Amino acid sequence: MAFFTHHICRGLSSSAVRHVVIKNVTIIGGGQMGAGIAQVAASTGHAVTLVDTNEDILKKAVKGIEGNLKRVVKKKFADKPEAGEEFLQKAMQNVSISTDAGSVVQGTDLVVEAIVENLKVKQDLFGGLDKVAPAHTIFASNTSSLSITDIASSTNRLDRFGGLHFFNPVPVMRLVEVIATSSTSQETFDSLLNFSKMLGKTSVSCKDTPGFIVNRLLLPYILDAVRMYERGDGSKEDIDIAMKLGCGYPMGPFELSDYVGLDTMKFIMDGWSAANPDNPMFAQSEVLNKLVAEGKFGKKTGEGFYKYK
Ligand SMILES: CC(=O)CC(=O)SCCNC(=O)CCNC(=O)[C@H](O)C(C)(C)COP(=O)(O)OP(=O)(O)OC[C@H]1O[C@@H](n2cnc3c(N)ncnc32)[C@H](O)[C@@H]1OP(=O)(O)O
Ligand SMILES: NC(=O)C1=CN([C@@H]2O[C@H](COP(=O)(O)OP(=O)(O)OC[C@H]3O[C@@H](n4cnc5c(N)ncnc54)[C@H](O)[C@@H]3O)[C@@H](O)[C@H]2O)C=CC1
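Residues numbered from 1 in each chain as written. Chains lettered and ligands numbered in written order. Predicted model: local features only at pLDDT ≥ 70, side-chain atom pairs only at ≥ 80, totals over all residues. Heavy atoms only, no water.

S.K.: Would you mind showing me how to read the domain arrangement of the protein here?
M.R.: Where interface size is given, it is often the accessible area lost as the parts come together that is meant. As far as domains go, the protein holds domain 1 (24–207) and domain 2 (219–300). On a C-alpha basis, the centres of domain 1 and domain 2 stand 27 Å from each other. On the side of domain 2, 8 residues touch domain 1, which itself brings 7 residues to the contact. Here domain 1 meets domain 2 over a buried area of about 670 Å², counting both sides, of which 58% is carbon and sulfur. Together, Gln-32, Glu-117 and Ser-145 form the three largest contributors to the area buried by domain 1 at its contact with domain 2, with a combined 55%. At the junction of domain 1 with domain 2, the criterion picks out 0 salt bridges. Joining domain 1 to domain 2, the criterion identifies 3 residue pairs in polar contact (both at pLDDT 80 or more). (Domains from an automatic or database assignment. Contact = heavy atoms within 4.5 Å. Buried area = accessible area lost by both parts, 1.4 Å probe. Salt bridge = Lys/Arg side-chain N within 4 Å of Asp/Glu carboxyl O. Polar contact = N/O pair within 3.5 Å; in protein donor to acceptor, adjacent residues only side chain to side chain.)

S.K.: When you look at the side chain of Asp-130 in this model, what are you seeing that I'm missing?
M.R.: Locating Asp-130 in the fold gives a position in helix H5 (residues 119–132). Each residue touching Asp-130, except ones within four places of it in the same chain, is listed here: Phe-139, Thr-155, Asn-156 and Arg-157. (Helix = DSSP H or I, 4+ residues; strand = E, 2+ residues; numbered from the N terminus.)

S.K.: So what exactly am I meant to see when it comes to the UniProt feature "domain: 3-hydroxyacyl-CoA dehydrogenase NAD binding" (unreviewed entry) in the protein here?
M.R.: Within this structure's numbering, the places UniProt gives as "domain: 3-hydroxyacyl-CoA dehydrogenase NAD binding" (unreviewed entry) are residues 24–209. Secondary structure across residues 24–209 divides into 45% helix and 21% strand, with the first and last C-alpha atoms of the span separated by 29 Å. (UniProt positions renumbered as here; feature names shortened; annotations may be inferred.)

S.K.: Before we go on, may I ask you to explain the site of ligand 1 in this structure?
M.R.: Lining the immediate surroundings of ligand 1 are 18 residues, of which Lys-75, Ser-144, His-165, Asn-168 and Asn-215 lie closest. The side chain of Asn-215 places a nitrogen or oxygen atom 2.8 Å from an oxygen atom of ligand 1. Contributions of two or more residues to the shell around ligand 1 are made by helix H2 (55–76), helix H8 (214–230) and helix H10 (253–260). Across the shell around ligand 1, the residue classes break down as 11 nonpolar, 5 polar and 2 charged. No fewer than three residues from each of domain 1 (24–207) and domain 2 (219–300) sit in the shell around ligand 1. (Near = heavy atom within 4 Å. Nonpolar A, V, L, I, M, F, W, Y, C, P; charged D, E, K, R; others polar.)

S.K.: Which parts of the structure should I look at to understand helix H12 (residues 286–293)?
M.R.: One turn of the α-helix equals 3.6 residues, which is why residues spaced by three or four share an orientation. Buried within H12 are the following residues: Leu-288, Leu-291 and Val-292. Take H12 and look down its axis: the buried residues cluster within an arc of 95 degrees, on one side only. Residues Glu-286, Lys-290 and Ala-293 are exposed on H12 and point more than 90 degrees away from its buried face. Looking at the packing, one finds that the buried side of H12 touches H8 and helix H11 (262–275). The positive-phi residue at the C-terminal boundary of H12 is Gly-295, with phi of around 75 degrees. (Buried < 20%, exposed > 50% of the residue type's maximum accessible area, 1.4 Å probe, protein only. Arc of directions from axis to C-beta.)

S.K.: Which parts of the structure should I look at to understand the side chain of Ser-191?
M.R.: Note on placement: Ser-191 falls in helix H7 (residues 186–198). Not counting residues up to four positions away in its chain, the partners in contact with Ser-191 are His-19, Val-20, Ile-22 and Ile-138.

S.K.: Would you mind showing me how to read the site of ligand 2 here?
M.R.: Looking at ligand 2, there are 22 residues lining it, with Asp-52, Glu-117, Lys-122, Ser-144 and Val-260 nearest. Within the side chain of Ser-144, one N or O atom sits 2.7 Å away from an oxygen atom of ligand 2. Coverage of ligand 2 by the protein amounts to 85% of the 830 Å² it exposes when considered alone. Among the residues forming the shell around ligand 2, the class breakdown is 8 nonpolar, 10 polar and 4 charged. Of the residues that make up the shell around ligand 2, three or more belong to each of domain 1 (24–207) and domain 2 (219–300). (Areas by Shrake-Rupley, 256 points an atom, 1.4 Å probe, with all protein chains shown as cover.)

This is the structure we're talking about:
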């Protein structure tokens, strides 16, 4: 069910802007990002359906959301355990799961896709959903590095398609990048901005350029660190310590790579190096390729640059 509202957009003086008030959200991909987005959306009063191809992944995601929310409740409601229990119950009741995206998008206002970082797979998903989702439903991708325009091209709703780029861990990181393509309507863009606000996030507006703002700056830095390590100019431990204590970053580049997922890092790298074969900034990394080939994707598999077991 979609609601439309009028409000005065501060940046546009007195012009009235319409946006879809998003109540029902379908989140596709129950991995680290999808589960995090689902947690935040459910705890801010949205009805959320989390979709993945695999039931076990969904069960694990729900367990993770509940565990995280219990931690939040313990701190936030330390003096009011009953209110905390009510908050937890309400949030968990807002979450349902499904392995069939096509059947659950019928009643949804917004689809947020957080599946594997692969253009063809994302296009196939959205192309299929476009045929069954209601006309008003907005589609958004959480892609780290792909073009929203390219992903949207598999659909016939270019005006109702944008990017919503969250950061890991979603419940903690306060930013959302909201991306408009040249076809995204003002109403869709405002709806995505408003949704981010409802989630308690600060948003920035981005053009549909590779890596948007954050990853365009973050990835070259991380890849430079990997190349420094490959040259033997610093150990990964020393590089991590240096960037944490020298720059005040919460994680060094190797810890952060393991946290993001080396498979995702490689998907990003491969895409950018194919598009920019002569740019040394995006050159292939032997170490990264080897770890991914060995299934060492970082924290989520128990080993990446470091071991987590
Ligand atoms: C690749 C892309 O497309 C874009 C990206 O996402 S790039 C990656 C962006 N993310 C980053 O740069 C993360 C950098 N790292 C950090 O900010 C921090 O190390 C961290 C927040 C992950 C952990 O912080 P920490 O202080 O070492 O650990 P910890 O004390 O356990 O956690 C801090 C708080 O976050 C909470 N938290 C940590 N992980 C959480 C999770 N997965 N879910 C919910 N809450 C979580 C903790 O409960 C704790 O809360 P309080 O402050 O209320 O006590
Ligand atoms: N890991 C990170 O730090 C960040 C990742 N992203 C982006 O978010 C997306 C997801 O990343 P992660 O959650 O880290 O990956 P992940 O590997 O943890 O989870 C991806 C999930 O998608 C599921 N999936 C794959 N194909 C599917 C399909 N066709 N339908 C339904 N489910 C499907 C997988 O089973 C898996 O559970 C990627 O596009 C990534 O680039 C964006 C911001 C940060």
